[in-house]
Amino acid sequence: MPYVMVHIPKPPSAASPVPRSVPTSADVARLAGVSRATVSYVLNNTSAVRISEPTRRRVHEAAKELGYVPHAAARSLRAGHSRMVLMPAPAIPMGPLYGQFINELQWALSRLDYTVVQYGTAGLRGDEAARAWAELRPVAVLVPDAELGPEGVAILKRAGARAVVTFGPERVEGAHALLMDNDAVGRCAGSHLYARGRRRIGVIVPEAAGLETYSRPRLEGVRQALRGTDAEVTGLPLGYTEQSAAELAARWRESGIDAVFAYNDEYAMLFMRALQDAGVRIPEDTAVLGADDLMLGRLLRPRLSTIHIDLPSGRDLAELVDRVVRDPGGEPEIHPALGASVVQRESS
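Overview of the structure. These numbers were taken from a predicted model, which means no experiment stands behind them.

Some remarks on a nonpolar patch on the surface
Among the surface-exposed residues, Met295, Leu296 and Leu299 lie close enough to one another that they form a single nonpolar patch of about 340 Å² accessible area. Take methionine 295: it is sitting in helix 13 (residues 295–299).

If you want it as structure tokens, here you go:
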């Protein structure tokens, strides 16, 4: 049987995809029918140049269609600085009240065309942490506690940071400061419980590492408020666990304590539940007072009395940052913060 050779042509190999070019502002300008300068003004939210709303809309639509995103590094070169505001992530649990403040601050800074970056520096503290932050060349650094020292501030400024702002119990030389007066929270709590007729007052001191920066001043504030009176103040270490709360509640009756300021609402809710499980009546046997004025406290039975804390406005802090970035040569501004007032409900 004869064999027939059949040649089957090899299919052409698929052409390698042509790399798609990165869209530029010139591409956006052509599609929108405007100049590149107009594209820059619109996408950089430049307020000094008046541009009609239809033109702004065309530019944004063209940028979206092309997938164009402004080049942050190029914009930084033109401006002479970046638009990054760096916030070191706190190494300690800060609670819902602080989270709400940070969200408001980030929104306010974004409205002023800054990019907020939260940066975790696990294991780094003080000047060593400042060097790690400086590597990112932020235009501003907001430090949420007292870890930064004067040398750290100098390191950041040499790296181009125009604004360094701390918020904590003490000011740092060379930095702008929001001074958080946690003693005032304790004084407010102590005065309220004493006015309610309580004379043996316990103050929860969280055992979580790092919280002593806030808990010790609150304990001291209670002592300040009751100094010279017939009241007795006792610090009560407590871990944030049901077991720790239950163990303290089991010893409660023998302690003779008739009121407790529980550091914040979260610790107050944890410990109030443990007291109730141990048969302690609230407020008849023991008054309970928290701090932060969280909505969950209003849902408890009895409803939780608390200290309402006025944190600084995120918008005001954003405006401080913007003001200092624009004029970095002024003297550091010091702003007292953290107002405190009692919200009396059923638990006290």
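That was the structure; now back to the text.
Focus: the environment of leucine 289
With respect to the helices and strands, the residue leucine 289 is situated in strand 9 (residues 287–291). By relative accessible area, which is 0% here, leucine 289 ends up buried. Taking the C-alpha atoms as reference points, leucine 289 and aspartate 265, separated by 24 residues in sequence, lie 7.8 Å from one another. The residues contacting leucine 289, other than those within four sequence positions of it, are Ala189, His192, Leu193, Val260, Phe261, Ala262, Ala268, Ser305, Thr306 and Ile307.

Quick word on helix 14 (residues 314–326)
Between the first and last C-alpha of helix 14 there are 18 Å, a value that for 13 residues agrees with the 18 Å anticipated at 1.5 Å per step. Those residues of helix 14 lying buried are Gly314, Leu317, Ala318, Leu320, Val321, Asp322, Val324 and Val325. Put simply, serine 313 is the residue that caps the front of helix 14, since its side-chain oxygen is 3.1 Å from the backbone nitrogen of arginine 315.

Topic: the environment of glycine 221
Tracing the sequence through the fold places glycine 221 in helix 9 (residues 212–226). Given the relative accessible area of 0%, glycine 221 is considered buried. For the pair formed by glycine 221 and valine 185, sequence separation is 36 residues and the distance between their alpha carbons is 6.9 Å. Setting aside residues up to four positions removed in sequence, glycine 221 forms contacts with Asp183, Gly186 and Arg187.

Analysis parameters
- Residues numbered from 1 in each chain as written.
- Predicted model: local features only at pLDDT ≥ 70, side-chain atom pairs only at ≥ 80, totals over all residues.
- Heavy atoms only, no water.
- Patch = residues over 30% accessible without salt bridge, like charges linked within 9 Å, V, L, I, M, F, W, Y side chains within 5 Å.
- Areas by Shrake-Rupley, 256 points an atom, 1.4 Å probe, with all protein chains shown as cover.
- Salt bridge = Lys/Arg side-chain N within 4 Å of Asp/Glu carboxyl O.
- Helix = DSSP H or I, 4+ residues; strand = E, 2+ residues; numbered from the N terminus.
- Buried < 20%, exposed > 50% of the residue type's maximum accessible area, 1.4 Å probe, protein only.
- Contact = heavy atoms within 4.5 Å.
- Expected span 1.5 Å × (residues − 1).
- Polar contact = N/O pair within 3.5 Å; in protein donor to acceptor, adjacent residues only side chain to side chain.

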